[in-house]
Amino acid sequence: MQVRQILQSKKEFLALLLLADEQEDMIDRYLQRGDMYVLEEAGSALAVIVVTDEGGGTLEIKNLAVRPDAQKRGYGRMMIDYVAGRYRDSFHTLLVGTGDSPLTVPFYERCGFARSHVVKDFFTNYYDHPIIECGMLLRDMVYLKRAILSTSSTGGQET
């Protein structure tokens with residue numbers, strides 16, 4: 001298993017990206033400016049993450065998706081930990097925005113994130129169709145954040 005950065009032809013992973021963000025034009029808003037990493041095994045993509053520099057030492061996860069047949073194996077957490085480690089000397093905060101869903105919010109909380117703020121009606125205002133998860137209409141974008149500590153401030157330990 002290896003994680004590799006994707007520098008070109010990011011849309012080759014569109015099917016995987018659409019698992020986390022089901023509207024292609026929304027993906028287009030961040031894909032080219034974001035750094036993209038893919039977790040692969042035997043040449044097959046298992047997970048993808050896209051992060052963007054939001055300024056002020058904040059790195060934002062814009063997309064995190066794990067192939068359905070590879071879910072519940074820790075790959076999502078592995079991708080989060082990978083980017084936190086890779087960027088820990090350049091950024092201090094990792095931010096993620098997601099729907100207020102009983103699937104995604106608890107996952108991020110288990111990964112060390114805490115609720116930060118809410119953008120009201122994000123999904124109803126910016127998506128061209130209703131987004132339903134766990135039988136619920138997603139309306140608001142919930143932002144969660146966690147600290148990224150540099151190796152110098154943690155004595156070599158990643159948080």
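Residues numbered from 1 in each chain as written. Predicted model: local features only at pLDDT ≥ 70, side-chain atom pairs only at ≥ 80, totals over all residues. Heavy atoms only, no water.

**A word on the nonpolar core**
One finds Ile49, Ile61, Ile80, Leu94, Tyr108 and Phe113 to be the most contacted residues of the largest nonpolar core, which totals 26 residues. Elements supplying a minimum of two residues to this core: strand E2 (35-41), strand E3 (44-53), strand E4 (58-66), helix H3 (75-87), strand E5 (93-99), helix H4 (104-110) and strand E9 (141-147). The leading source of residues in this core is H3, at five residues. Ignoring any residue separated from it by four or fewer positions in sequence, one finds Phe113 in contact with Ile61, Ile80, Leu94, Val96, Tyr108, Leu144, Lys145 and Arg146. By size, the runner-up hydrophobic cluster in this structure holds 14 residues, among which are Phe13, Ile27, Met36 and Val48. (Core = buried A, V, L, I, M, F, W, Y, C linked by side-chain atoms within 4.5 Å. Buried < 20%, exposed > 50% of the residue type's maximum accessible area, 1.4 Å probe, protein only. Helix = DSSP H or I, 4+ residues; strand = E, 2+ residues; numbered from the N terminus. Contact = heavy atoms within 4.5 Å.)

**Considering the sheet that holds E9**
Backbone-to-backbone hydrogen bonds join strands into a sheet, with any given pair of strands oriented parallel or antiparallel. Ordered in space as E1-E2-E3-E4-E5-E9-E6, the seven strands form an open sheet in which the pairing is mixed. Two strands bound the open sheet, and with one partner strand each, they are strand E1 (2-6) and strand E6 (114-119). Within the sheet, the average angular offset between the axes of one strand and its neighbour, ignoring direction, is 30°. Set on the sheet, H3 makes contact with E1, E2, E3, E4, E5 and E9; between it and E2 the angle comes to about 130°. (Pairing = 2+ DSSP bridges. Axes fitted to C-alpha atoms, helices over the stretch in contact; angles between N-to-C directions.)

**Focus on the environment of Ser101**
Residue position: Ser101 is located in the loop between E5 and H4. One polar contact links the side chain of Ser101 to the main-chain amide nitrogen of Leu103, over a distance of 3.0 Å. (Polar contact = N/O pair within 3.5 Å; in protein donor to acceptor, adjacent residues only side chain to side chain.)

**What to know about the layout of surface pockets**
Considering only enclosed or pocket space, the largest pocket measures out at about 1,300 Å³ in volume. Residue lining of the largest pocket: 45 residues in total, with Ala20, Leu64, Thr98, Thr104 and Tyr108 positioned closest to the centre. Element by element, the count of residues in the lining of the largest pocket is highest for E4, at seven residues. Broken down by class, the residue content of the lining of the largest pocket amounts to 26 nonpolar, nine polar and ten charged. (1 Å grid on protein atoms, 1.4 Å probe; cavity = no way out; pocket = protein on both sides within 12 Å on 5 of 7 lines; lining within 4 Å. Points joined across faces, edges and corners; volume = space filled by probe spheres on them. Nonpolar A, V, L, I, M, F, W, Y, C, P; charged D, E, K, R; others polar.)

**Details of the pairing of E3**
In terms of residue burial, E3 counts as a mostly covered element, since eight of its ten residues are buried. By the bridge criterion, seven bridges tie E2 to E3 in an arrangement that is antiparallel. Bridging across to E3, Val38 finds its partner in Val48. Count of turn residues in the E2/E3 antiparallel hairpin: two residues, of which Ala42 carries a positive phi of about 50°. Note that E3 and E4 share seven bridges and pair antiparallel. For Asp53, the partnering residue across the bridge sits in E4 and is Leu59. Between E3 and E4, which follow one another and run antiparallel, lie four residues, and Gly55 among them has a positive phi close to 85°.

That's the geometry; what it means functionally is another story.
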